[in-house]
Amino acid sequence: KIEKAKPIKCGTFGATSLQQRYLATGDFGGNLNIWNLEAPEIPVYSVKGHKEIINSIDGVGGLGIGEGAPEIVTGSRDGTVKVWDPRQKDTPVANMEPVEGESKRDCWTVAFGNAYNQEERVVCAGYDNGDIKLFDLKTMSLRWETNIKNGVCSVEFDRKDVNMNKLVATSLEGKFHVFDMRTQHPTKGFASVSEKAQKSTIWQVRHLPQNRDIFMTSGGAGSLHLWKYEYPAQRSKKDSEGAEMGVAGSVSLLQNVTLSTQPISSLDWSPDKKGLCVCGAFDQTVRVLIVTKLNKV
């Protein structure tokens, strides 16, 4: 148990090896710190990354997941999304901020994806006004954007280390959207299917590491919902102009459970034991759960 001066909002092990087990955290002061949990007194890397609270963090390139450099992405209330390489001091390797004249939006969630070789990598960011933006780190440009009309609480690719396949985005008003990321239409972007899961906020989405078509959403009403994505017969078709456009599949509910009267705000699956997961809720309780029969779905 370690106590720090600033409250910590988010953390990830994603940019570190299993041997190192360095924990990267974002705090209420806008600081990104990386801690060696064996000697946690002083961070091994520290930078004042943002002007305001860091809401969300993700890491890639460590843990044997994803190709390329070990990088950390942070999203903040100051409207910026920054990518950090812990081997480079003080300055981010990428900085995505509002363009001139565009009002800054609170960035609530960030996620890496498309890290299937040394060159390719994207960052997806979700904002309080419903904007979802996809930044291509290879070309350092905005690749795609859309709006789901509601604050985006969580985004996650089904796997970080494969050619972009699916992206799930959850929102404030109980809806989530699954985007098929394989085919990008020049004007329509990516095909998607949306599902109204419940009346309250969906705080987080997490895909099952052993089966990327199964994912769990955690809700404001203290519930967990387990979903399965079914692919369509054909994932793409040609439009009247001859351009390829994606075809969305469907989502079915496998199981749901209410664990708390308070929102379940965070969730993670075990990469080793299929079905083992942990969640944290506003009632100050950490719960460890096991989902059985996952080999039958």
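Residues numbered from 1 in each chain as written. Predicted model: local features only at pLDDT ≥ 70, side-chain atom pairs only at ≥ 80, totals over all residues. Heavy atoms only, no water.

- As annotated in an unreviewed UniProt entry, the protein carries the name Dynein axonemal assembly factor 10 and comes from Opisthocomus hoazin.
- UniProt, in its Function (unreviewed entry) section for the protein, records the words "Key assembly factor specifically required for the stability of axonemal dynein heavy chains in cytoplasm." (UniProt positions renumbered as here; feature names shortened; annotations may be inferred.)

1. Description of the pattern of salt bridges
Moving on, step 1. Per the stated rule, a full pass over the model turns up 20 salt bridges.
Moving on, step 2. Here E156 and R206 are joined by a salt bridge, their closest N and O atoms 3.6 Å apart. Taken as a pair, E156 in strand 13 (residues 152-157) and R206 in strand 17 (residues 202-208) lie far apart in primary sequence, 50 residues in all.
Moving on, step 3. For D161, the salt bridge identified is with R159, shortest N-O distance 2.9 Å.
Moving on, step 4. Judged by relative accessible area, which is 33%, R159 ranks as partly exposed. (Salt bridge = Lys/Arg side-chain N within 4 Å of Asp/Glu carboxyl O. Helix = DSSP H or I, 4+ residues; strand = E, 2+ residues; numbered from the N terminus. Buried < 20%, exposed > 50% of the residue type's maximum accessible area, 1.4 Å probe, protein only.)

2. Here's the deal with the pairing of strand 9 (residues 107-113)
Taken residue by residue, a regular strand's side chains alternate between the two faces of the sheet.
Moving on, step 1. Taking burial as the measure, the seven residues of strand 9 include six buried ones, the bulk of the element.
Moving on, step 2. Here strand 9 runs beside strand 10 (residues 122-127); their pairing, made up of six bridges, is antiparallel. Bridged to F112 within strand 10 is V123. (Pairing = 2+ DSSP bridges.)

3. Description of the sheet that holds strand 9
Moving on, step 1. Spatial ordering of the open sheet is given by 9-10-11-12, a layout of four strands whose pairing is antiparallel. At either end of the open sheet lies a strand with only one pairing partner, and these are strand 9 and strand 12 (141-147). Between one strand axis and the next, the sheet turns through 20° on average, direction left out of account. (Axes fitted to C-alpha atoms, helices over the stretch in contact; angles between N-to-C directions.)

4. Some points on the packing of aromatic side chains
Moving on, step 1. Going through the model one piece at a time under the given rule, you end up with six aromatic pairs.
Moving on, step 2. Between F176 and W227, the ring centres sit 4.8 Å apart and the planes meet at 65°, which makes this aromatic pair edge-to-face. One end of the pair, F176, is in strand 15 (residues 175-185); the other, W227, is in strand 19 (residues 223-230), and 51 residues separate them in sequence. Neither residue differs from the other here; F176 and W227 are each classed as buried.
Moving on, step 3. Ring plane angle 80° and centroid distance 5.2 Å describe the contact between Y229 and Y231, whose orientation is recorded as edge-to-face. (Phe/Tyr/Trp six-rings, centres within 6.5 Å; stacked < 30°, edge-to-face > 60°.)

5. Side note on the sheet that holds strand 4 (residues 45-48)
Moving on, step 1. Pairing is antiparallel across the open sheet formed by four strands, whose spatial order is 1-2-3-4. Two strands close off the open sheet at either side, each with one partner strand: strand 1 (8-12) and strand 4. Ignoring which end each strand starts from, the neighbouring axes of this sheet average 20° apart.
Moving on, step 2. Bridge count for strand 3 (residues 31-36) against strand 4 is four bridges, and the pairing is antiparallel.

6. Topic: unusual backbone geometry
Moving on, step 1. Residue L63 is not a glycine yet carries a positive backbone phi of 55°.
Moving on, step 2. With respect to the element layout, L63 can be found in the loop between strand 5 (54-60) and strand 6 (71-76).
Moving on, step 3. Here L63 falls in the partly exposed class, since its relative accessible area comes to 32%.
Moving on, step 4. Positive phi values are uncommon outside glycine, yet Q284 reaches one of about 65°.
Moving on, step 5. Counting through the fold element by element, Q284 comes out in the loop between strand 24 (276-281) and strand 25 (286-290).

7. Observations regarding a positive patch on the surface
Moving on, step 1. A contiguous patch of positive charge, built from K149, K175, K196 and K199, is present on the exposed surface.
Moving on, step 2. By the element assignment, K149 lies in the loop between strand 12 and strand 13. (Patch = residues over 30% accessible without salt bridge, like charges linked within 9 Å, V, L, I, M, F, W, Y side chains within 5 Å. Areas by Shrake-Rupley, 256 points an atom, 1.4 Å probe, with all protein chains shown as cover. Lys, Arg positive; Asp, Glu negative; His and termini not counted. Charge placed at Lys NZ, Arg CZ, Asp CG, Glu CD.)

8. Structural notes on the nonpolar core
Moving on, step 1. By size, the foremost hydrophobic cluster in this structure holds 16 residues, and its most contacted members are I132, L134, W144, F157, L167, F179 and M181.
Moving on, step 2. Secondary structure elements with two or more residues in this core: strand 10, strand 11 (131-136), strand 13, strand 14 (166-171) and strand 15.
Moving on, step 3. The element best represented in this core is strand 13, accounting for three residues.
Moving on, step 4. With residues near it in sequence (within four places) discarded, L167 still touches C124, W144, V155, E156, F157, H177, V178, F179 and M181.
Moving on, step 5. Among the nonpolar cores identified, the runner-up in size contains 15 residues, and V60, V81, V83 and Y127 belong to it. (Core = buried A, V, L, I, M, F, W, Y, C linked by side-chain atoms within 4.5 Å. Contact = heavy atoms within 4.5 Å.)

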